[in-house]
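# Summary of the model geometry
So you can see what is in the structure, the chains are spelled out below.
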Amino acid sequence: MERTVTVVPEDGLHARPATTFVEAAGNFDAEITVEAAADTRPPVAADSILGVTGLGVRRGDDVTLHAEGPEAEPALDALENVITTPAGESDLAGDATA
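Only a predicted model underlies this, so the values are computations on that prediction, with no experimental measurement involved.

### Considerations on the overall build of the protein chain
Counting secondary structure elements, the protein chain contains 4 helices and 4 strands. Counted from the first residue to the last, the protein chain has its helices and strands arranged as β-α-β-β-α-β-α-α. The buried share among the 98 residues of the protein chain stands at 41%. A separation of at least 24 residues holds for 73% of the contacts in the protein chain among residues at least 6 apart in sequence. Accessible surface, the protein chain as shown: approximately 5100 Å² in total, 45% of it carbon and sulfur.

### Some details on the sheet that holds strand β1 (residues 2-6)
Pairing in this open sheet of 4 strands is antiparallel, and the strands run β1-β4-β2-β3 from one edge to the other. Edge positions in the sheet fall to β1 and β3 (44-45), since each has one partner strand and no second. Note: β1 against strand β4 (residues 62-68), 5 bridges, orientation antiparallel. Across the sheet, Thr4 pairs through a bridge with Thr64, a residue of β4.

### Remarks on a negative patch on the surface
A cluster of like negative charges, contributed by Asp29, Glu31, Asp47 and Glu71, occupies part of the molecular surface. Following the sequence through the fold, Glu31 ends up in strand β2 (residues 31-36). Judged by relative accessible area, which is 65%, Glu31 ranks as exposed.

### Brief notes about the side chain of Glu35
With respect to the helices and strands, the residue Glu35 is situated in strand β2. An unpaired buried charge is present at Glu35: no salt bridge exists, and Arg41, the closest side chain of opposite charge, is 9.2 Å distant.

### Focus on the packing of helix α1 (residues 15-25) against helix α3 (residues 72-84)
As a packed pair, α1 and α3 sit with axes 9 Å apart at the nearest point and diverge in direction by 175 degrees. When the axis of α1 is compared with that of α3, the two are roughly antiparallel. Judged by residue contacts, Pro17, Thr20, Phe21, Ala24 and Ala25 of α1 engage Leu79, Val82 and Ile83 from α3. Residues of the contact of α1 with α3, tallied by class, amount to 7 nonpolar, 1 polar and no charged.

### Describing the nonpolar core
By size, the foremost hydrophobic cluster in this structure holds 28 residues, and its most contacted members are Phe21, Ile32, Val34, Val63 and Leu65. Residue assignment for this core shows that the elements contributing at least two residues are α1, β2, β4 and α3. For this core, the element with the most residues is α3, which contributes 7 residues. The residues contacting Ile32, other than those within four sequence positions of it, are Ala25, Val44, Ala45, Ala46, His66, Ala67, Ala75 and Leu79.

The rules behind each value
- Residues numbered from 1 in each chain as written.
- Predicted model: local features only at pLDDT ≥ 70, side-chain atom pairs only at ≥ 80, totals over all residues.
- Heavy atoms only, no water.
- Helix = DSSP H or I, 4+ residues; strand = E, 2+ residues; numbered from the N terminus.
- Buried < 20%, exposed > 50% of the residue type's maximum accessible area, 1.4 Å probe, protein only.
- Contact = heavy atoms within 4.5 Å.
- Areas by Shrake-Rupley, 256 points an atom, 1.4 Å probe, with all protein chains shown as cover.
- Pairing = 2+ DSSP bridges.
- Patch = residues over 30% accessible without salt bridge, like charges linked within 9 Å, V, L, I, M, F, W, Y side chains within 5 Å.
- Salt bridge = Lys/Arg side-chain N within 4 Å of Asp/Glu carboxyl O.
- Lys, Arg positive; Asp, Glu negative; His and termini not counted.
- Charge placed at Lys NZ, Arg CZ, Asp CG, Glu CD.
- Axes fitted to C-alpha atoms, helices over the stretch in contact; angles between N-to-C directions.
- Parallel < 35°, antiparallel > 145°, perpendicular 65-115°, else oblique.
- Nonpolar A, V, L, I, M, F, W, Y, C, P; charged D, E, K, R; others polar.
- Core = buried A, V, L, I, M, F, W, Y, C linked by side-chain atoms within 4.5 Å.

Take a look at the structure:
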């Protein structure tokens, strides 16, 4: 499965939003990668804080999420929620499987 979404948090995928994103990705039985849609670099593991922050994704950038596995769809839903929710408003990392 694949989904492209626009990053909303002011910090992009850095600092707290990146931490929340990585923690949420680790809560699912799925192989998940993320890539900057406008970049030619290869996708990175969504559960890697260094990989995710290394993408340099800023607010307003598009990212493409790829997920494979038994929980691919709920994983994409949860990660899209993190990416499209302003910083400080998502508590998804703690209850992503709820």
